[in-house]
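# Summary of structural features
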Amino acid sequence: MKTVIERELELKLVLSSSCSVVVPAQLRYSDDDPYAVHISFHTDTPHPVHWTFARDLLVEGVFRPCGHGDVRVWPTKVDGRNVVCMALTSPDGDALLEIPSAPIAAWLERTLRVVPPGTEAERLGVDDGLRLLLTPTPVDDPCAGDLRPSDDPGETGA
């Protein structure tokens, strides 16, 4: 059975050092995609903006700066509040978001209880799939049968 963990949050989109806008967002985690977290930003556009990135990146970013490239995450304090900052970069532009630390940490803890770190591959069945893929079948195994024609004129071969 598939497990999905969702959380609605209000994030702050930082526009400048003195101006930010509240953006409703939804965090989503599913055990059938165990390495990823999904976040949807509900902006003033007809459709939400979706981002997907590694759960490990968000877990680490709650405690220390991490990431490079399109997604960077780090903890900090803003006006005496503990927040997690997330910097997103895309061809359409950059965004700096502030997320309250307590709700995101609690949500991440729930995901880690469902799929503990290091057990993600088990959820995907990668080992079973590789075993199935790499197990020779009689057609693949040239030693499985005698493929030489028979000397008996009544036989047509194996």
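Above this text sits the structure in question.
Described below are features of the structure shown in this document. It should be emphasised that the depicted structure is a prediction, and the values quoted were computed from it without experimental measurement.

Each value, and the rule that gives it
Residues numbered from 1 in each chain as written. Predicted model: local features only at pLDDT ≥ 70, side-chain atom pairs only at ≥ 80, totals over all residues. Heavy atoms only, no water. Salt bridge = Lys/Arg side-chain N within 4 Å of Asp/Glu carboxyl O. Helix = DSSP H or I, 4+ residues; strand = E, 2+ residues; numbered from the N terminus. Buried < 20%, exposed > 50% of the residue type's maximum accessible area, 1.4 Å probe, protein only. Pairing = 2+ DSSP bridges. Axes fitted to C-alpha atoms, helices over the stretch in contact; angles between N-to-C directions.

Enumeration according to the criterion identifies six salt bridges in this entry. Of the charged contacts in the structure, one is a salt bridge between Arg 81 and Glu 98, with a shortest N-O distance of 3.8 Å. One end of the pair, Arg 81, is in strand S7 (residues 81-90); the other, Glu 98, is in strand S8 (residues 93-100), and 17 residues separate them in sequence. Given a relative accessible area of 33%, Arg 81 falls into the partly exposed group. Its salt-bridge partner being Glu 109, residue Arg 113 comes within 3.0 Å of it at the nearest N-O pair. In this pair, Arg 113 and Glu 109 both sit in helix H2 (residues 101-114), four residues apart, roughly one turn of the helix. Of the residues examined, Arg 113 reaches a relative accessible area of 56% and is grouped as exposed. Taking relative accessible area as the criterion, Glu 109 reaches 45% and is therefore assigned partly exposed.

Quick look at the sheet that holds strand S3 (residues 36-41) now. If you walk across this open sheet you meet the eight strands as S4-S3-S2-S1-S8-S7-S6-S5, and the pairing is antiparallel. Each end of this open sheet is capped by a strand with a single partner; those strands are strand S4 (49-54) and strand S5 (66-68). Averaged over all pairs of adjacent strands, the angle between strand axes in this sheet comes to 35°, irrespective of strand direction. Relative to strand S6 (residues 71-78), S5 runs antiparallel, the two sharing three bridges. Paired with Cys 66 across the bridge in S6 is Val 73.

This part covers the pairing of S8. Direction of pairing for strand S1 (residues 4-16) relative to S8: antiparallel, over a ladder of two bridges. Paired with Lys 12 across the strands is Glu 98, a residue of S8. Relative to S8, S7 runs antiparallel, the two sharing eight bridges. Within the sheet, the bridge partner assigned to Cys 85 lies in S8 and is Glu 98. The hairpin formed by S7 and S8 contains two residues between the paired strands.

Interpretation in functional terms is not warranted from these geometric data alone.
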